[in-house]
Amino acid sequence: MSTSWDEASRCPRDGQYQGKVVKRAPQREGGQLITLECPETNCEYHTSGWIVQTRADGSIPDKIDPRTRERRFAPTPMAHARRRAVLDALEEQVASEQRAGSEVKQF
Ligand SMILES: [Zn+2]
C-alpha cells in the first residue's frame, strides 16, 4: 500500500487543505518522517499536526494518525500468541548462541 504525497499531505480531517511542512526527520533507513500542520487555524490538525512517512525512494507507505494508530495495532489474542511464539523462538536462539559461544571460548 502506498499513498501519493498530494493525498498524504492534505489535512486528515477533511482533505480540504494542503498541509504545511513544519519538520523533516531523516530516518536511518533513508526515508523521512515529515510533520505537517493544517493552515486552517480552527482545525485540530493546526496545533497537533500529523506525520507522513516517506521511504528511501520517496514513496509513502501509510499515513500515521496518532488517533487511529493505537487502535490499529491493538493486540488481538492471535497476535499476542504469535508474539509470544516469536519471543520464545528468540530466547531459544539467544540461549543456543550463548552455548555455542561458550563452547568456542573453551577451544
Ligand atoms: Zn485541517
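Just so we're clear, the structure is a prediction, and the values are computed from it rather than from any experiment.

Our next topic: the overall build of the protein. What the protein contains, in helices and strands, is four helices and four strands. Within the span of the protein, comprising 107 residues, buried residues form 10% of the whole. The long-range fraction of contacts in the protein, counting pairs at least 24 apart against all pairs at least 6 apart in sequence, stands at 35%.

What follows covers the nonpolar core. Counting five residues, the largest nonpolar core consists of Ala 8, Ile 34, Leu 36, Trp 50 and Val 52. Among the elements of the structure, β2 (32–37) and β3 (50–54) are those that each provide at least two residues to this core.

Mean pLDDT for the protein: 82, with 80% of residues reaching 70 or above. Confidence, read as mean pLDDT per element, is least for helix α3 (residues 66–72) in the protein (54) and greatest for strand β1 (residues 20–26) (96).

Relative to β2, β1 runs antiparallel, the two sharing six bridges. Counted as the bridge partner of Lys 23 is Thr 35 from β2. Here β1 folds back onto β2 in antiparallel fashion, the turn holding five residues, of which Gly 30 has a positive phi close to 115°. Judged from the five bridges that link them, β2 and β3 form a sheet pairing that is antiparallel. What sits directly across from Leu 33, in β3, is Gln 53.

All right, on to the environment of Lys 20 then. Along the polypeptide, Lys 20 turns up in strand β1. For Lys 20, a count of 13 C-beta atoms within 10 Å corresponds to the partly exposed category. Along the sequence, Lys 20 and Thr 35 sit 15 residues apart, while their C-alpha atoms lie 8.4 Å from each other. Excluding residues within four positions of it along the chain, Lys 20 makes contact with Leu 36, Glu 37 and Pro 39.

Rules of the game
Residues numbered from 1 in each chain as written. Predicted model: local features only at pLDDT ≥ 70, side-chain atom pairs only at ≥ 80, totals over all residues. Helix = DSSP H or I, 4+ residues; strand = E, 2+ residues; numbered from the N terminus. Buried ≥ 20, exposed ≤ 12 C-beta atoms within 10 Å, placed from the backbone. Contact = placed C-beta atoms within 7 Å. Core = buried A, V, L, I, M, F, W, Y, C linked by C-beta atoms within 7 Å. pLDDT = per-residue confidence, 0-100. Pairing = 2+ DSSP bridges.

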